[in-house]
Protein chains: 2
Amino acid sequence: MIETPRPATRGPYRTGIERRAQLVAIAIEVFGQRGFAGSSLRTLAERADVSHATLIRHFGTKEGLLIAVLQEWERQSAEHDLADVSGLAYLRRLPDIMAGHRRNRGLLELFTTITAEASNPEHRAHAYVVQRYETNLRTFARHLQAAVDAGDVGALSPAQVALEARLLTAALDGIGLQWLLDPNVDMALATRTYLERAIASWRRVARPTA
Amino acid sequence: MIETPRPATRGPYRTGIERRAQLVAIAIEVFGQRGFAGSSLRTLAERADVSHATLIRHFGTKEGLLIAVLQEWERQSAEHDLADVSGLAYLRRLPDIMAGHRRNRGLLELFTTITAEASNPEHRAHAYVVQRYETNLRTFARHLQAAVDAGDVGALSPAQVALEARLLTAALDGIGLQWLLDPNVDMALATRTYLERAIASWRRVARPTA
DNA sequence: GTCTATACGCAGATAGAC
DNA sequence: GTCTATCTGCGTATAGAC
């Protein structure tokens, strides 16, 4: 169930804001079920009881609607994620987060597909996806750096921290993709195996000579 | 430059076979440049100086053409890959193979995009992609098992070997994706870092009590 | 056997009325 | 703001030319 965020109860844009949120909610549902390419603006519009021109009016293009969907989805995810933990404790929650994707197959499929498509620099969502990856890499790097600073792992250099964030992201993406292709894949197990090996390896790096 | 494989110089299907190979060669080039979704049958046909109906005649559907392209690409890749090495030596060539993708950005993009799209079970190429992954996982597992049998690494169980093949595939896919998003990513370095850590970890597993 | 001409329905996008 | 009407281009199907 998706609710309108902070609905303005009055004011000149009230209708527009509510309508927009409602359209995004429907798009999340339909994209999640039928994918991006498999959903036409006309189908979306029929579900929302508007014309497909209305969707274009609100979001400019179909990709504009897609980006609105991705942003709303991230906003909702971020709420569950209000980082009460950091450092290694944060990273160790990743297996559970990956397992949680099983309840949202369509959306993982959507993210995966769009990321691949938008890797082309001419794709409309390219800038969005690149920025999203940078944010994600920075988050992982920050938590790993926190572990370094706390002495939980050895003295990794900034370049090593950045590379480890990349490798972790790569593993998570690849694991998600394999689960999409074969639902028998145990995402939590694969993630945990990767992570515990990485942590053990980081711990073998020498501590700084304090 | 792509050449017709074993062109029949005579016989009833000569023209058809040559034509088909030529069409696939053009499709590899155009898909590689503009992506699958970005290439229309009419554009492809114009490049080949035939009508778009001819493409349908040869490949049935646009996805049929796609699968022909993927198979031809794999066939060509396999020629460079006629496994003169096995076991750890094979796995250690992966960084170079990944680096080699830099010369074929469009095709890596194509594989990545199609794999993501076709993760949906209703996608026309789903069966092809799933089978391709199974083959790939088996290849990695076979080489790792050879390393186990040779005593180059510890006595991993069959389940562990399978999981390691999955993790390796996941890392390679994720590394490729990140390079597509950011050409500054060093694919060979990332692959080597992953691989050497994995090998070191396998070596810490106890040898069988022979 | 191989290819073209042509048509159908659906897609995303735009223009202008209300 | 939303509608209807319409544009262009897509994948696909078929009939028939050579």
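One numbering rule holds for all chains: residues counted from 1, following each sequence as written. Chain letters and ligand numbers both follow the written order, the letters beginning at A and the numbers at 1. Since the coordinates come from a predicted model, pLDDT governs what is reported: local features require at least 70, and pairs of side-chain atoms require 80 or more to be given and counted, while whole-chain, interface and lining totals use all residues. Side-chain figures throughout are based on the complete set of non-hydrogen atoms in the structure, without hydrogens or water.

Draft legend 1. Helix α2 (residues 41-48) of chain A, seen in detail. Residues and elements named next belong to chain A. Each residue is assigned to one of three classes by its accessible area relative to the maximum for its type, calculated with a 1.4 Å probe on protein chains only: buried under 20%, partly exposed between the two thresholds, exposed over 50%. Where helices and strands are cited, they refer to DSSP runs of H or I of at least four residues and of E of at least two residues respectively, numbered from the N terminus. If you check which residues of α2 are buried, you get L41, L44, A45 and A48. Buried positions in α2, seen along its axis, are confined to an arc of 95 degrees and lie on one side of it. Turned more than 90 degrees away from the buried face of α2 sit R42 and E46, all of them exposed. Note: the arc covers the axis-to-C-beta directions of the helix.

Draft legend 2. Quick peek at the confidence of the model for chain A. Here chain A shows a mean pLDDT of 90. Residues at 70 or above account for 91%. Note that residues 1-8 of chain A has pLDDT below 50 and, in this model, 10 contacts with residues that lie over four places away or in other chains. pLDDT is a residue-level measure of predictor confidence that goes from 0 to 100. Contacts: residue pairs with any heavy atoms within 4.5 Å of one another.

Draft legend 3. Quick look at the UniProt feature "domain: HTH tetR-type" (unreviewed entry) in chain A. UniProt positions are given in the numbering used here, feature names are shortened, and annotations may be inferred rather than shown by experiment. The residues that UniProt annotates with the feature "domain: HTH tetR-type" (unreviewed entry) are residues 17-77 of chain A. Along residues 17-77 of chain A, the helical share is 82% and the strand share 0%, with 21 Å between the first and last C-alpha atoms.

Draft legend 4. Region of the structure containing the side chain of E164 of chain B. Residue placement: E164 of chain B occurs in helix α9 (residues 158-181). The exposure class of E164 of chain B is buried, given its relative accessible area of 6%. For E164 of chain B, the side chain forms a polar contact with the side chain of R197 of chain A, separated by 2.5 Å. Apart from the residues lying within four places of it in its own chain, the contact partners of E164 of chain B are T193 and R197 of chain A together with L144, Y194 and W202 of chain B. What qualifies as a polar contact is a pair of N or O atoms within 3.5 Å, subject to a donor-acceptor requirement within protein and to the restriction that residues adjacent in sequence count only when both atoms come from side chains.

Draft legend 5. Structural view of the packing of aromatic side chains. Only Phe, Tyr and Trp rings take part, Trp by its six-membered ring, and two of them pair if their centres are within 6.5 Å. Stacked means planes under 30 degrees apart, edge-to-face means over 60, and tilted covers everything else. Following the criterion strictly, the structure yields three aromatic pairs over all chains and no others. When the ring of Y194 of chain A is compared with that of Y194 of chain B, the centres are 6.2 Å apart and the planes differ by 0 degrees; the resulting orientation is stacked. Pair noted here: Y194 of chain A is in helix α10 (residues 187-203) and Y194 of chain B is in helix α10 (residues 187-203), and the two residues belong to different chains. The pair formed by Y194 of chain A and Y194 of chain B is uniform in burial state, with each residue classed as buried. For the pair F31 of chain B and F36 of chain B, a centre-to-centre distance of 5.3 Å together with 80 degrees between the ring planes defines the contact as edge-to-face. For the residue pair F31 of chain B and F36 of chain B, the accessibility class agrees, reading buried in each case. The ring of F36 of chain B carries the charged tip of K62 of chain B above its face, separated from the ring centre by 4.4 Å. Consider the ring centre and the ring normal. A charge sits over the ring if Lys NZ or Arg CZ is within 6 Å of that centre and within 35 degrees of that normal. The cationic tip of R105 of chain B hangs over the ring face of W179 of chain B; the distance from NZ or CZ to the ring centre is 5.9 Å.

Draft legend 6. Layout of the environment of A147 of chain A. Residue and element names in this part refer to chain A. Considering the arrangement of structural elements, one finds A147 in helix α8 (residues 126-149). The buried category is assigned to A147, whose relative accessible area is 0%. Spatially, the C-alpha atoms of A147 and L91 are 9.9 Å apart, while their sequence positions differ by 56 residues. Here A147 is in contact with G87, L88, D152 and V153, once residues within four sequence places are set aside.

Draft legend 7. Layout of the relation of the copies chain B and chain A. Our superposition of the copies is a least-squares fit, built on the C-alpha atoms of residues whose pLDDT is at least 70 in both. It takes a turn of 179 degrees to lay chain B on chain A, together with a shift of 0.0 Å along the axis; the resulting RMSD is 0.2 Å. What we have between these two chains is a two-fold relation. If distances are taken from each C-alpha of chain B to the rotation axis, the shortest is found for A171 of chain B, at 2.3 Å. Interface overlap between copies: 98% of the residues of chain B at the interface are likewise at the interface in chain A, consistent with a symmetric, same-surface contact.

Draft legend 8. Up close: the protein's contact with DNA strand C. Whether a residue is near a molecule or strand depends on its heavy atoms: it is near if one of them lies within 4 Å of it. Around DNA strand C lies a shell of 22 residues, among which R42 and H52 of chain A together with R19, S51 and T54 of chain B are the nearest. The side chain of R42 of chain A places a nitrogen or oxygen atom 2.7 Å from a base nitrogen of DNA strand C. The side chain of R19 of chain B places a nitrogen or oxygen atom 2.7 Å from a phosphate oxygen of DNA strand C. Listing elements by their share of the surface near DNA strand C, those giving two or more residues are α2 and α3 (52-59) of chain A together with α1 (14-34) and α3 (52-59) of chain B. A total of five residues in the surface near DNA strand C trace back to one element, the largest contributor, which is α3 of chain B. Class assignment of the residues belonging to the surface near DNA strand C gives a composition of seven nonpolar, nine polar and six charged. Following the grouping adopted for this structure description, the nonpolar residues are Ala, Val, Leu, Ile, Met, Phe, Trp, Tyr, Cys and Pro, the charged ones are Asp, Glu, Lys and Arg, and the polar ones are all others, Gly among them.

Draft legend 9. Region of the structure containing the pattern of salt bridges. A pair is scored as a salt bridge if a Lys or Arg side-chain nitrogen falls within 4 Å of a carboxyl oxygen belonging to Asp or Glu. According to the stated counting rule, one finds 18 salt bridges over all chains in the structure shown. A salt bridge links R47 of chain A to E29 of chain A; its shortest N-O distance comes to 3.4 Å. Here the residue R47 of chain A occupies a position in helix α2, and E29 of chain A occupies one in helix α1 (residues 14-34), the gap between them amounting to 18 residues. Given the relative accessible area of 45%, R47 of chain A is considered partly exposed. For E196 of chain B, the salt bridge is made with R92 of chain B, and the minimal N-O distance between the two is 3.1 Å. With E196 of chain B in helix α10 and R92 of chain B in the loop between α5 (88-91) and α6 (94-100), this residue pair connects regions lying 104 residues apart in the sequence. Judged by relative accessible area, which is 34%, E196 of chain B ranks as partly exposed. Using a relative accessible area of 38% as the deciding quantity, one classes R92 of chain B as partly exposed.

Draft legend 10. Representation of the interface of chain B and chain A. Contacts between the two partners involve 42 residues from chain B and, on the opposite side, 41 residues from chain A. What gets called buried area is simply the loss in accessible area from a 1.4 Å probe that two parts show on being joined, summed for both. Between chain B and chain A lies a buried interface of about 3200 Å² when both sides are counted; carbon and sulfur atoms form 62% of it. Per-residue buried area on chain B facing chain A is highest for Q178, L181 and R197 of chain B; these three make up 22% of the total on that side. Where chain B meets chain A, there are four salt bridges. Taking the shortest distance from any N to any O, the salt bridge between R166 of chain B and D182 of chain A comes out at 3.4 Å. Seen at the junction of chain B and chain A, the total is 12 residue pairs in polar contact (both at pLDDT 80 or more). Of all the elements in the fold, those that place two or more residues in the side of chain B that touches chain A are α7 (105-117), α8 (126-149), α9 and α10 of chain B. Per-element tally for the side of chain B that touches chain A: the top contributor is α9 of chain B, with 14 residues. Partitioning the side of chain B that touches chain A into residue classes produces 21 nonpolar, 12 polar and nine charged.

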